[in-house]
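An overview of the molecular structure
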Amino acid sequence: MTQTYIAFLRAINVGGHTVTMERLRGLFEELGLARVRSYIQSGNVFFDTEEEDRAALTARIERHLEAALGYAVPTVLCTVAELEAVVAADPFAGIEVTPELRLCVLFLSEPLPEALAPPRSSPKGDWDLVGAQPKAAFVVLHLRGGRLGGNPATLFGKAYTGTATSRFFHTTVKILAAAQK
């Protein structure tokens, strides 16, 4: 059965790693994936496949991207239904958005361990983990002087052994709308 996935890629068009979306789509097409499309420049790729082993597919994508781009590109795959569940959870309901707050979704390759279960806050007070699902963690980021305190995808340090990559919640909603087309 054909499955549509959204590949959330980390390390695309940040930190000096620049790749055009045309090239990125081409790299996914080289893997034999169908209906490959991308959304904005931050590494969001939609594709169809009949491959059923998500872990093997993820590993194949990561190996291919690293070989082609020359650096590791951690990848988290979500189905459209999983992304619909993330957005439908409305994880930030009741949180007043201010210029000093950012609402962020961390897409996870595996669920957070019990030791990182929400709610929790950073010792410096620069983020609050307000919720989690098996494929996502919901984080409120507190800006200091208009800046983030760090990369949200690395908030949990070595306590989380999976892969995480972040998107702002409003962008996540737009990614879902694009994936549903």
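Quick notes on the rules
Residues numbered from 1 in each chain as written. Predicted model: local features only at pLDDT ≥ 70, side-chain atom pairs only at ≥ 80, totals over all residues. Heavy atoms only, no water. Helix = DSSP H or I, 4+ residues; strand = E, 2+ residues; numbered from the N terminus. Salt bridge = Lys/Arg side-chain N within 4 Å of Asp/Glu carboxyl O.

Peptide bonds are, in most cases, trans, and in most cases residues other than glycine have a negative phi. Along the chain, Pro 118 connects to Pro 119 via a cis peptide bond; the corresponding omega equals 0 degrees. Looking at the element boundaries, Pro 119 is found in the loop between strand 5 (101-108) and strand 6 (120-121). Of note, Arg 35 is a non-glycine position whose phi angle comes to about 45 degrees, a positive value. In this fold, Arg 35 is placed in strand 2 (residues 34-38). At Asp 90, a position not held by glycine, the phi torsion is positive, near 45 degrees. With respect to the helices and strands, Asp 90 occurs in the loop between helix 3 (80-88) and strand 5.

In this structure the tally under the stated criterion is 3 salt bridges. Asp 48 is paired through a salt bridge with Arg 35; the nearest N and O atoms lie 3.1 Å apart. Residue Asp 48 is located in strand 3 (residues 44-49), and its partner Arg 35 is located in strand 2; the two are separated by 13 residues in the primary sequence. With a closest N to O distance of 2.8 Å, Glu 51 and Arg 60 form a salt bridge.

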